[in-house]
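Next come the chains, spelled out residue by residue.
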Amino acid sequence: MQHKKVIRRKELAATISLMLATSTAVYAQDEVDETEDQATETEQTEDQADLGTVYVTGIRAGLQSSVDIKRNESSIVEAVSAEEIGKLPDLSITDSLARLPGVTAQRLNGRSQVISVRGLGPDFTTALLNGRQQVSTSDNRGVEFDAYPGELIQTAVVYKTPDAALMGQGLAGTVDLRTIRPLEYGERAATANARYEWNDIDALNGDADDDGWRGSFSYVDQFADDTVGVAFGLAYIDSPAQSERYNAWGYPEGPDGALVIGGAKPFAQSNNLERTGIMGVVEWQPSSTFNTAVDIYYTDFDETQLLRGIELPFWWGGAGEVLLPGFTVNDGLITDGTFENVTGVIRNDLNRREAELWAAGWNAQWSIGDNFVLIGDLSYSEVDRTDSLLETYSGFCNNFSGCAQDTVSFNLGPGRGAIFGTDLDYTSPDIVLTSPRGWGGNIVPGGQLGYFNNPNITDELTAVDVRGEYTFDEGFASSIEFGVNYTTREKIKTADEFFLALPNGALEAPLPANTSITNLSFLGIPGMITYDPLAAVNDGTYVLTRNPDDDVVIKSWQVEEDVWIPWLMLNYEVLWGDTLVTGNVGVQYVDTDQSSFAISGSGDTDPVLVPTTGGATYEEWLPSLNLTFQFMNDSFIRFAYGRTLARPRMDDLRAGLQWGYNEEFEDSDDINQSPWSGSGGNPELRPWIADAFDLSFEKYFLDGLSYFAIAYFYKDLDSWVLTAPQVYDFTGFPIGDGDEPVLREGLVSVPVNGSGGDISGWEVSGALALSAFTDSWWGGFGVIGSASFTDSSIEDSPGNEISVPGLSEDVYNLTVYYETDRWSARVSGRERSDFLGEVAGFGNGRDFRTVQGETVVDAQASYFFGGRLEGLTLLAQVLNLTDEEFVTFGNEDERQVIDFQRYGRTYLLGVAYTWQ
């Protein structure tokens, strides 16, 4: 079910490649290219008239389609079309979205994965597929857009302001990914493409790949006198990536109050992503009054990461590590020094994520009489994701003499972390499988030899949508729309974690066969000995012992939601003097019933477990107004108001607690000295609420390619979610052998609804095609750019302002392109300032860290053949042209680097062919 169901023929004529099915799929027809500069002329040649539609091709076609969408929507939107994405192919739709004004992306594992809209993080933006809300492969609501191949998406629209007919609207915005409709496309077409890729960082691990490929195929056709249409798309990627990684434990206070590195966990990481995407549509329109379509979308996502490195405990080691005299202190931070008595942990790790995403929908539209349209829509989406996070340890140890200790020097460089020097040879064959530091000794005698974290996420969403529209023949009201939407969603996370040990209680064992050497010279360490950790688990080298701690038990949870949304919207259109006034006013009534089931646990190795449930119901009224003044036919002033909400994170809604009982306070009647305490989730949590105001001016030029826009937005946050103490009723929880306590209530630290704040900002965007000024060669140049400036004021307590996840105060995007009838080239760059990002932390938990601002640049050139080779295109592309690193830091000090990851440049060479 698409929002704004009517898709203009002009947009479809501008769609060159099917569903972005090819990275270079553009029509290379001379006669088509030659009509480009004539698209706006009132007289056409007889041959052009016979075509029925004037095609604009290449980059300009994508830009024109996007500009048309932005201009003609009643809401304030940004859009990217098939040509824009397909002409500059991206690993996923994420990079394409990140080039839009007010939108930016966060990179994880070397690729853009999640987006922020207007300074608000991924959990505040809802993703739709053909107008239908989607599940997510993440632990929460934020959609990981790298699961959606760009080749299968025709158009992506970002709604910055809502209206009552838009379901699943987010607090920050709503992203609607749209696939093709074959009958609207109106002709037969097929496209195939293949690309070879490699990285300028050679494979960091000997058992990893350093080159890969991508390919796609798409087909669309119509049958039975154009009453039946079919479309099919397949996109496959086998993409390697390398990452030179540094990670610090943190920077505690050391000698004389100076901060010092607490420990480090650097890795040579090799990734390989295999993703298969499939899209299919069958559409039937037996008459002008009835249309129905079924569409299916499927993604199989499989990513494997090999990580080899040496974990080096320093100040926080707690086992005799000593910082030697002679260290260097710069402005309160020790930037150069040497630790002795360091027992390093040699790590051979493997992370794997396997995820399947299904989405299916059925839509039917009936025209009843001349004025009424009835639409029914049924949809289902599902995700099943399993992570396998494997750590294995080894070291210079034996049962009799203990572990060899190292002397390790470090030098902290600005923005890159530490470079080390070591005395020990970590490539030595004397290294054995063991527990060098005795971690986990309370569970595994002698200490664990590794750890296996195996969480699973399932997410299911079913929606039924019924709506109608009645069109008025006269009056200021053009139509009235109404409907009801029902959505039920269930998300389940299951945690399963194990310690690794050796059979029969052994404390050490020889390394597995077939070892190799990993180069760690980028860290200052010559290298380390490596092996296949998964093979060692599968062949019985290790035995698994389940971790019974309560902090593992409470990671499992189940959250269910049932949401009813009846809505009503009035569309209007009136001429006020020479100004056309259009827009809509409406309201949604949101009725939510949420519940959670989890296990609460108390105790480390033998926890007391209590099944825990909770939930809440609430109602919200969400009014909205969109008002557009169009004057001089090409200038628009838009005003919008909307009350919006974002439902709480799923893990915040979990019912489980990590709780404790202190018999010492059994007789206390003071809630601040209650025997009960704990921390966890809050299934009674209400959503974030905001009143959003938008004002924009837009000027469009006659070439259909150039425009200028400036917008101001203000979000008055009625509520915010923060962590704070809250009274919790522990009735039914066991107290052991003690006496009945005076209090059955205690304070727990959980997410709660607090007071809000505000977020505001300016956005300036535009596009300029020089073809509007000249017919010479330099008329092929054009530029597309935007700048966004955002500020926030949110406090978690009086006087304590907090950082908003995902908010960069400054975001810039710039694309410079050049296009002729045979050549096309583009350079695109996006820049964002520092922001609070969500990254994987200890035990695969989610941590928020300050991410250093970055500038990411991509470039591409392609050549389109004519004559006998017409339809053939060659492509060359570079991703991350400037080799921009990913950096996080602590304490708002960019010298205190927590994560440093260098990904290198990715090169692609490709070929595509289009049949018509």
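Residues numbered from 1 in each chain as written. Predicted model: local features only at pLDDT ≥ 70, side-chain atom pairs only at ≥ 80, totals over all residues. Heavy atoms only, no water.

### Examining the overall build of the protein
For the protein, the count of helices and strands is nine helices and 52 strands. In terms of overall dimensions, the protein is globule-like: its C-alpha atoms have a radius of gyration of 29 Å, near the 29 Å expected for 916 residues. With respect to the three principal axes, the spread of C-alpha positions in the protein is 95 × 70 × 55 Å. Relative to all contacts within the protein whose residues are 6 or more apart in sequence, the contacts with residues 24 or more apart total 74%. Positive and negative charge centroids in the protein, built from 56 and 139 side chains respectively, lie 4 Å apart. (Helix = DSSP H or I, 4+ residues; strand = E, 2+ residues; numbered from the N terminus. Rg over C-alpha atoms; globule rule 2.2 N^0.38 Å. Contact = heavy atoms within 4.5 Å. Lys, Arg positive; Asp, Glu negative; His and termini not counted. Charge placed at Lys NZ, Arg CZ, Asp CG, Glu CD.)

### Description of the state of the cysteines
A complete count under the given rule lists one disulfide for this structure. Through a disulfide, Cys-397 is tied to Cys-403; the S-S separation comes to 1.9 Å. Since a negative S-S torsion denotes a left-handed disulfide, the Cys-397-Cys-403 link at about 110 degrees is right-handed. For Cys-397, a relative accessible area of 8% puts it in the buried group. By relative accessible area, which is 26% here, Cys-403 ends up partly exposed. (Disulfide = S-S within 2.5 Å. Buried < 20%, exposed > 50% of the residue type's maximum accessible area, 1.4 Å probe, protein only.)

### Some words on the pattern of salt bridges
Going through the model one piece at a time under the given rule, you end up with 48 salt bridges. The salt bridge partner of Lys-493 is Asp-139, with a shortest N-O separation of 3.3 Å. You can see Lys-493 sitting in strand 26 (residues 477-494) and its partner Asp-139 sitting in the loop between strand 5 (132-133) and strand 6 (155-159), a full 354 residues away along the chain. One exposure class covers both Lys-493 and Asp-139, and it is buried. Between Arg-643 and Asp-691 there is a salt bridge, and its shortest N-O distance comes to 2.9 Å. (Salt bridge = Lys/Arg side-chain N within 4 Å of Asp/Glu carboxyl O.)

### Side note on the pairing of strand 48 (residues 854-864)
Where burial is concerned, most of strand 48 is hidden: eight out of the 11 residues are buried. In this structure, strand 45 (residues 823-832) lies alongside strand 48, joined through 10 bridges in antiparallel fashion. Across the sheet, Trp-823 pairs through a bridge with Tyr-863, a residue of strand 48. As paired strands, strand 48 and strand 49 (residues 872-879) are joined by six bridges and run antiparallel to one another. Paired with Tyr-863 across the bridge in strand 49 is Leu-874. (Pairing = 2+ DSSP bridges.)

### Comments concerning the packing of aromatic side chains
By the definition in use, this model includes 42 aromatic pairs. Relative to Phe-420, the ring of Tyr-246 has its centre 6.3 Å away and its plane inclined at 35 degrees; by these criteria the two rings are tilted. Of the two residues, Tyr-246 sits in strand 10 (residues 228-250) while Phe-420 sits in strand 22 (residues 417-422), which places them 174 residues apart along the sequence. The pair formed by Tyr-246 and Phe-420 is uniform in burial state, with each residue classed as buried. Ring centres 5.2 Å apart and planes at 90 degrees place the aromatic pair Trp-659 and Phe-733 in the edge-to-face group. In this pair, Trp-659 is assigned in strand 36 (residues 657-661) and Phe-733 in the loop between strand 39 (707-729) and strand 40 (745-754), connecting sequence segments 74 residues apart. The two residues Trp-659 and Phe-733 agree in class, both being buried. Here a set of aromatic residues connected by ring pairs shows up, and it is made of Trp-659, Tyr-661, Trp-676, Tyr-728, Phe-730 and Phe-733. Sitting over the ring of Phe-835, Arg-832 keeps its end group 3.4 Å from the ring centre. (Phe/Tyr/Trp six-rings, centres within 6.5 Å; stacked < 30°, edge-to-face > 60°. Lys NZ or Arg CZ within 6 Å of the ring centre and 35° of its normal.)

### Focus on a nonpolar patch on the surface
A grouping of Val-294, Ile-296, Trp-358, Trp-362, Trp-366, Ile-368, Leu-378, Val-464, Val-466, Val-484 and Trp-564 is seen on the molecular surface, where their side chains present a nonpolar patch of about 950 Å² in accessible area. The set of elements that each furnish at least two residues to the nonpolar patch consists of strand 13 (290-313), strand 17 (345-368) and strand 25 (456-471). The dominant element in the nonpolar patch, judged by the number of residues it contributes, is strand 17, at four residues. (Patch = residues over 30% accessible without salt bridge, like charges linked within 9 Å, V, L, I, M, F, W, Y side chains within 5 Å. Areas by Shrake-Rupley, 256 points an atom, 1.4 Å probe, with all protein chains shown as cover.)

### Quick look at empty space enclosed by the protein
According to the stated counting rule, one finds 12 cavities of 30 Å³ or more in the structure shown. Put simply, the largest cavity is a space of about 490 Å³. Along its surface, the largest cavity is lined by 35 residues, and Thr-126, Gln-133, Gly-168, Gln-169 and Arg-647 are the ones closest to its centre. Elements represented by at least two residues in the lining of the largest cavity include exactly strand 4 (125-129), strand 5, strand 18 (372-395), strand 25, strand 26, strand 32 (557-576), strand 33 (579-602) and strand 35 (635-646). The residue inventory of the lining of the largest cavity, partitioned by class, reads 15 nonpolar, 12 polar and eight charged. (1 Å grid on protein atoms, 1.4 Å probe; cavity = no way out; pocket = protein on both sides within 12 Å on 5 of 7 lines; lining within 4 Å. Points joined across faces, edges and corners; volume = space filled by probe spheres on them. Nonpolar A, V, L, I, M, F, W, Y, C, P; charged D, E, K, R; others polar.)

### Focus on helix 4 (residues 58-72)
With 15 residues, helix 4 should reach 21 Å at 1.5 Å per residue; the first-to-last C-alpha distance of 22 Å fits that figure. For helix 4, the tally of buried residues reaches 13 of 15 residues, placing the bulk of the element in the interior. (Expected span 1.5 Å × (residues − 1).)

### Quick notes on the sheet that holds strand 6
Taken in spatial order, the five strands of this open sheet run 1-6-7-4-5, and their pairing is mixed. Because the sheet does not close on itself, it has two edges, and the strands there are strand 1 (77-81) and strand 5. Here strand 1 runs beside strand 6; their pairing, made up of five bridges, is antiparallel. If you follow Val-80 over to strand 6, its bridge partner there is Ala-156. In this fold helix 4 packs onto strand 1 and strand 6, with an angle of close to 155 degrees to the strand it touches most, strand 1. (Axes fitted to C-alpha atoms, helices over the stretch in contact; angles between N-to-C directions.)

### Describing the environment of Pro-313
Topologically, Pro-313 is positioned in strand 13. With 30 residues separating them in the primary sequence, Pro-313 and Thr-343 have C-alpha atoms 7.2 Å apart. Residue contacts for Pro-313: discarding those within four places in its chain leaves Trp-249, Gly-262, Gly-263, Glu-321, Val-342, Thr-343, Gly-344 and Arg-437.

### Observations concerning the nonpolar core
With 58 residues, the main nonpolar core has Leu-97, Phe-145, Tyr-148 and Leu-177 as its most contacted residues. With four residues, strand 39 is the largest single contributor of residues to this core. Core analysis: the second largest hydrophobic core is formed by 49 residues, Leu-204, Val-260, Ala-268 and Tyr-542 among them. (Core = buried A, V, L, I, M, F, W, Y, C linked by side-chain atoms within 4.5 Å.)

### Some remarks on a negative patch on the surface
Together, Asp-791, Glu-795, Asp-796, Glu-801, Glu-809, Asp-834 and Glu-894 make up a negatively charged patch on the protein surface. It is strand 42 (residues 781-797) that contributes the most residues to the negative patch, three residues altogether. Looking at where Asp-834 falls in the secondary structure, it is placed in the loop between strand 45 and strand 46 (835-840).

### What about the side chain of Lys-70?
Secondary-structure assignment places Lys-70 in helix 4. Assessed through its relative accessible area of 5%, Lys-70 is described here as buried.

### Focus: the side chain of Thr-530
Locating Thr-530 in the fold gives a position in strand 30 (residues 527-530). With a relative accessible area of 0%, Thr-530 lands in the buried category. Once you skip the residues sitting within four places of it in the chain, Thr-530 turns out to touch Arg-308, Asn-348, Thr-515, Ser-516, Ile-517 and Thr-518.

### Remarks on the confidence of the model for the protein
Atomic detail in the predicted coordinates should be set aside for any region of low pLDDT. Residue-level pLDDT values for the protein average 88, and 92% of them are 70 or greater. The low-confidence segment residues 2-56 (pLDDT under 50) makes 159 contacts with residues lying over four places distant or belonging to another chain. Note on residues 84-88: pLDDT is under 50 here. Beyond four places in sequence and across chains, it has 31 contacts. (pLDDT = per-residue confidence, 0-100.)

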